[in-house]
Every structure is written in structure tokens, then in C-alpha cells.
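# Structural overview
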Amino acid sequence: VTGPFLPDLTISILVIWFLIFSIKNKLYKIYINIYFYIFVIFCLICILSSLLSDNILFSLKTSLFYFRIGVFSMLILFLIDQNKKILDFFYYSLFITFLIIVIDGYIQYLSGQNIFGLAIKDYRVSSFFGNQLILGSYLSRLFPLFFALFVIRKKKKQIEIYFISILFIGIDVLIFLSGERTAFFLLNLSTIFIILFIREYKLF
């Protein structure tokens, strides 16, 4: 929500720390899996493609350091293996973020501006994203992850299920109000996969 700078900075710092930590504690086994191998091959193809492009430096700026995403994934895997509660922390972080964005989005839709005074643009809700009309994109891409974290939670109180249901409906409608067709398509695609693969929540 804050933009690309803070997430990129956080990932970069954590990746450097984890690489040093891995070497120091000889955690080489965590990188020995088929998914990481495929990711490394993908990174090499991206770098090779950049070297063959017309604007090499511009292209390398994004592809050369893309490996940090794979290392960051291994860090997440390591943290989950060490402490399963990290999934609960992540779930609640997303829950609070989604709740604030949904409330703010509806305030902007109904009053014409959000809690920080950012006006609605071209009749499309953008919440904290302002002139960047990516609210629907943000919600639709994180929605499957949020739902997955909700599903794997072992202890679910009945009131939590009802509250999450209302939040999901709020997210659905807000994505529609954002006017992003791709985001709306992705949301429907996620819903289809949920219906097909998660029996417990088909009716939901």
C-alpha cells in the first residue's frame, strides 16, 4: 500500500541477511529443491534475454536482481519451518490491511474522497493509491493468498467465519467499483478455483 520503495528495501535487506545467515549456519539444504532450481533457470533465461535486448542496461536493471525473490521465498519457508505462528501473523496483517482498505474504499465511493482527502478519480475508487488506479489489482492478487491463510487456520471461531464472509463480499464489490476489468477477471478466476478445489467452502 505504501508503494514499491519500502517493500523492495525490506526484501533486499532480508535477502542479504538470509544469504549471510545461510552461509554462516550452512543451511544449503533449504535451496536443494526442484522449485528453487526452476526459479534459478528462469532467472538465467531472463538475464540472457536482457543481454540480447536492444537496451541492455535498462533491461538488466530488473532482471539481474530478480533472484532476490527466490531467496526471499526460501527465507519465508525457513521461518515457517521454525515457527508456524508466522502464518497467523501474516494472516492478521493482511486481514487488518484489507479491512482498512475496504472501509476507506467505501468512504471514498460514498463521499467522493478517502480519509486522507484523496478524491475519487474518473468515478473509479482508488483508496490510498490515489492517482494510481490499482486498488482492484492489489486486492485481487492478494485475495487468493489471504483466502489460503484463512482456510489452513485450524481454529476458526464461528464469528470469525461470518466476519470474513462480510469482508470477502466487501472486497468483491470494491474490486468491481474500482473499474479494473483484469482485476475482476482474476477475482472470478480465483473463485472458480476455490469452488473446484476446496470442497469445504464451495457453498461459501
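Predicted, not measured: the structure shown is a model, and the values here were computed from it. (Residues numbered from 1 in each chain as written. Predicted model: local features only at pLDDT ≥ 70, side-chain atom pairs only at ≥ 80, totals over all residues. Heavy atoms only, no water.)

## Looking at the overall build of the protein chain
Note the cut-off: Runs of H or I in DSSP of at least four residues are treated as helices and runs of E of at least two as strands, each being numbered from the N terminus. Type-normalised accessible area, obtained with a 1.4 Å probe on protein chains alone, sets the label of each residue: buried when under 20%, exposed when over 50%, and partly exposed for intermediate values. Any two residues whose heavy atoms approach within 4.5 Å at even a single point are treated as in contact. Areas reported as accessible are Shrake-Rupley estimates using a 1.4 Å probe. Residue values count occlusion only from the protein chains shown. A positive count includes Lys and Arg, and a negative count includes Asp and Glu. His and the chain ends are not counted in either. In plain terms, the charge of a residue is placed at NZ if it is Lys, CZ if Arg, CG if Asp and CD if Glu.
Secondary structure summary: the protein chain contains 8 helices and 0 strands in total. In the protein chain, the order of α-helices and β-strands from amino to carboxyl end is α-α-α-α-α-α-α-α. The proportion of buried residues among the 204 residues of the protein chain is 31%. In the protein chain, the share of contacts with a sequence separation of at least 24, taken over all contacts with a separation of at least 6, comes to 64%. In the form shown here, the protein chain has an accessible surface area of approximately 13,900 Å², with 71% of it arising from carbon and sulfur atoms. Taking the average place of the 18 positive charges on the side chains of the protein chain and the average place of its 10 negative ones, the gap between the two points comes to 10 Å.

## Considerations on the layout of surface pockets
Stated precisely, the cut-off is as follows: Grid spacing is 1 Å over the protein atoms alone, the probe is 1.4 Å, and a cavity is where that probe fits but cannot get out, while a pocket is an open set with protein on both sides within 12 Å along at least five of seven lines and lining residues have an atom within 4 Å of a point. Grid points are joined across faces, edges and corners, and a volume is the space filled by probe spheres set on the points. Note on residue classes: Ala, Val, Leu, Ile, Met, Phe, Trp, Tyr, Cys and Pro are nonpolar, Asp, Glu, Lys and Arg are charged, and everything else, Gly too, is polar.
Here the largest pocket defines a volume of roughly 950 Å³. Along the walls of the largest pocket sit 28 residues, with Pro7, Phe72, Phe90, Leu94 and Leu142 positioned nearest its centre. Of all the elements in the fold, those that place two or more residues in the lining of the largest pocket are α1 (5–24), α4 (67–82), α5 (85–111) and α6 (135–152). Sort the elements by how many residues they give to the lining of the largest pocket and α6 lands first, with 8 residues. Residue composition of the lining of the largest pocket, grouped by class: 20 nonpolar, 6 polar and 2 charged.

## Regarding the pattern of salt bridges
Using the following cut-off: In the sections that follow, a salt bridge refers to a side-chain nitrogen of Lys or Arg positioned within 4 Å of a carboxyl oxygen of Asp or Glu.
Under the criterion given, the structure shown has 3 salt bridges. The salt bridge partner of Asp88 is Arg153, with a shortest N-O separation of 3.0 Å. Highlighted residues: Asp88 in helix α5 and Arg153 in the loop between α6 and α7 (158–178), separated in sequence by 65 residues. When its relative accessible area of 12% is taken as the criterion, Arg153 is described as buried. Between Arg153 and Glu160 there is a salt bridge, and its shortest N-O distance comes to 3.2 Å. Here Arg153 and Glu160 have matching classes, each one buried. A single salt-bridge network, built from bridges that share partners, covers Asp88, Arg153 and Glu160.

## Remarks on the packing of α7 against helix α8 (residues 181–197)
Selection rule: All axes are obtained by fitting lines to C-alpha atoms, using only the stretch in contact for helices, and the reported angles, taken between N-to-C directions, cover 0 to 180 degrees. When describing relative orientation, an angle under 35 degrees is termed roughly parallel and one over 145 degrees roughly antiparallel, while 65 to 115 degrees is termed roughly perpendicular and anything else oblique. A crossing counts as left-handed when the near helix is turned anticlockwise from the far one by less than a right angle, and as right-handed when that turn is clockwise.
Between α7 and α8, the least distance of the axes is 8 Å, while the angle of their chain directions is 150°. In terms of their interaxial angle, α7 and α8 are classed as roughly antiparallel. Regarding α7 and α8, the two cross each other, and that crossing is left-handed. Between α7, through Asp172, Ile175 and Phe176, and α8, the contact on the second element is made entirely by Ala183, Phe184 and Leu187. Split into classes, the residues belonging to the contact of α7 with α8 amount to 5 nonpolar, no polar and 1 charged.

## Here we look at the packing of aromatic side chains
Our working rule: Only the six-membered ring of Trp is used, alongside the rings of Phe and Tyr, when aromatic pairs are assigned; centres must lie within 6.5 Å, and planes under 30 degrees apart are stacked while those over 60 apart are edge-to-face, with the rest tilted.
Counting across every chain of the model gives 24 aromatic pairs. A centroid spacing of 5.6 Å and a plane angle of 45° characterise the contact between Phe18 and Phe78, whose relative ring orientation is tilted. Taken together, the residues Phe18 in helix α1 and Phe78 in helix α4 connect sequence positions 60 residues apart. According to the relative accessible area criterion, Phe78 is buried, its value standing at 12%. Ring pairs connect the aromatic residues Tyr91, Tyr92, Phe95, Phe98, Phe143, Phe146, Phe147, Phe150, Phe163 and Phe168, which therefore count as one cluster.

## Let's talk about the nonpolar core
The criterion, for reference: As used in this record, nonpolar core signifies buried Ala, Val, Leu, Ile, Met, Phe, Trp, Tyr and Cys residues forming a set joined through side-chain atoms within 4.5 Å.
In terms of nonpolar packing, the biggest core is built from 27 residues, with Phe98, Leu139, Phe146 and Ile171 touching the most fellow members. Listing elements by their share of this core, those giving two or more residues are α5, α6, α7 and α8. Among all residues touching Ile171, those that are not within four sequence positions of it are Phe98, Val102, Leu139 and Phe143. Among the nonpolar cores identified, the runner-up in size contains 10 residues, and Ile11, Phe18, Phe36 and Met74 belong to it.

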